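# Tertiary structure, described
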Amino acid sequence: MQYGITYSQQIDYLPFEIEGSIDADTGYIYLKTYFQTGYYQEDIKEIKAEIRNRAFSLNGMLPYPLGFSLSYGEHYLSDLFVIEPGHQTVKCHIDSVWDIPEINNQPMHEYETEFISAFKSISEKRKDYRQRWNNSSRFYDGDIPADSELLFDRELKSLYVTSDSTLLQYVSTHPDSYLALWRLVEKFTFGYEPIFDSIFEQFSSSIQDTYTGQALKKNLKIAGVIAPGKKFPPISIKDTHEKEFDFNAFSDKEYVLLDFWYSNCGPCIAQFTHLNNLYQAYKEKGFEIIGISTDRSKYKNNWLRAIEKYQLQWPQFWDMDGIESSKLLINVFPTTILLDSDGTIISKHIRPAELEQFLEENLK
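Keep in mind that this is a model prediction, so the values were computed, not measured. (Residues numbered from 1 in each chain as written. Predicted model: local features only at pLDDT ≥ 70, side-chain atom pairs only at ≥ 80, totals over all residues. Heavy atoms only, no water.)

## A word on the confidence of the model for the chain
- Per-residue confidence for the chain averages 93 on the pLDDT scale, and 97% of its residues sit at or above 70.
- Between residues 1-9, whose pLDDT stays under 50, and residues either more than four places distant or in other chains, the model counts 24 contacts. (pLDDT = per-residue confidence, 0-100. Contact = heavy atoms within 4.5 Å.)

## Some remarks on the sheet that holds strand 8 (residues 86-92)
- With mixed pairing, the four strands of this open sheet are ordered in space as 4-1-8-9. With one partner strand each, in any of the chains shown, strand 4 (55-62) and strand 9 (102-104) form the two edges of the open sheet. Each strand axis lies, on average, 20° off the axis of its neighbour in the sheet, ignoring direction.
- Across eight bridges, the pairing between strand 1 (residues 14-22) and strand 4 is antiparallel. Within strand 4, the position partnered with S21 by the bridge is A55. (Pairing = 2+ DSSP bridges. Helix = DSSP H or I, 4+ residues; strand = E, 2+ residues; numbered from the N terminus. Axes fitted to C-alpha atoms, helices over the stretch in contact; angles between N-to-C directions.)

## Side note on the state of the cysteines
- Across all of its chains, the model carries one disulfide by this definition.
- Shown here is the disulfide that connects C265 with C268, its sulfur atoms set 2.2 Å apart. Judged by the torsion about the S-S bond (75°), the C265/C268 disulfide is right-handed. Residues C265 and C268 agree in their burial class; the two are buried. (Disulfide = S-S within 2.5 Å. Buried < 20%, exposed > 50% of the residue type's maximum accessible area, 1.4 Å probe, protein only.)

## Considerations on the packing of aromatic side chains
- All told, the structure shown has 23 aromatic pairs when counted by the stated rule.
- Ring geometry for F245 and F250: centres 6.2 Å apart, planes at 25°, overall stacked. The exposure classification of F245 matches that of F250, with both residues buried.
- With centroids separated by 5.1 Å and ring planes inclined at 85°, the aromatic side chains of F245 and F317 adopt a geometry described as edge-to-face. Of this pair, F245 sits in the loop between strand 10 (238-239) and strand 11 (255-261) while F317 sits in strand 13 (residues 316-318); the two residues are 72 residues apart in sequence, bridging distant segments of the chain. Of the two residues, F245 and F317, neither departs from the other in class, the shared state being buried.
- Taken together, the aromatic side chains of W261, F272, Y279, Y310 and W314 make up a single cluster linked through ring pairs.
- Cation over ring: K32 sits above Y30, and NZ or CZ is 5.5 Å from the ring centre. (Phe/Tyr/Trp six-rings, centres within 6.5 Å; stacked < 30°, edge-to-face > 60°. Lys NZ or Arg CZ within 6 Å of the ring centre and 35° of its normal.)

What follows is the structure in structure tokens.
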């Protein structure tokens with residue numbers, strides 16, 4: 001059973017059809033847009049199809065190849081893949097969560113051949129990294145020593161840099177690759193890096209001028225406002241007593257860490273113990289932390305309880321509903337931004353172990 005979609009008549013669309021198989025007898029499968037930040041025309045919506053005899057059919061219209069994922073039930077969600085206009089087949093295994101389904105089309109053929117080949121070395125290094133991290137975490141029962149954690153953090157950032165450089169090289173030789181376009185969009189959702197601008201510039205004008213390309217260009221420009229070396233812009237947030245945030249109140253500090261978090265964020269909470277220790281050690285030496293919660297209005301009490309529960313001693317501010325954070329495209333949490341006394345950004349996504357070494361070296 002197919003549920004129709006209404007499409008704009010102002011954009012040229014071409015039909016697509018997907019013949020799918022899945023190791024499930026009943027239920028519905030959903031073709032979902034992969035990102036929720038304006039990279040699709042408004043009339044590109046989720047499509048739902050009924051599974052019959054372990055098969056399903058999805059069809060609709062596309063302006064050009066777009067990134068999607070497939071979901072089934074409560075537990076299966078695929079990784080990003082690209083659908084193009086025309087006929088294609090897909091094979092899903094519901095136990096392979098976050099894997100890419102077997103898809104027969106040109107963009108995914110490119111993925112299976114040229115793209116995987118280009119990233120083979122970095123993929124092997126990341127696999128080795130994850131294995132060593134997991135082994136170390138198990139050995140230390142989740143409490144990896146700070147010096148080892150610092151080495152892991154440095155290695156991970158190095159892997160990210162290598163991956164970004166590899167994508168830049170790939171796009172320079174594949175400027176018409178829609179697969180590479182969506183991979184760049186995917187990378188960008190985890191935070192902005194200046195190299196993303198260079199990657200985007202390598203795409204052909206036909207890619208850059210798509211709706212997705214123009215949205216990405218706009219977002220890269222917005223996110224570039226909080227790149228290292230830039231001054232952090234004014235934001236409208238209030239503390240627990242409804243007092244407006246004023247960075248000048250912290251101008252006597254040598255370094256200020258902005259910590260964007262929310263009360264139900266596991267990774268945010270996980271770093272609080274380390275941050276508490278650093279705050280106690282360096283708050284009298286010129287270091288300050290400013291907590292900025294993006295909790296929704298209905299979770300205000302959760303935010304206040306979390307401050308008390310985790311004994312957060314530094315100033316806490318509330319960006320209600322994440323409005324200000326969204327304007328800066330801060331949508332990954334925690335996001336930490338280290339500033340100097342003038343409000344210039346020194347580093348983004350600095351982890352507690354890295355921060356500890358920085359403070360040891362710069363605050364005697």
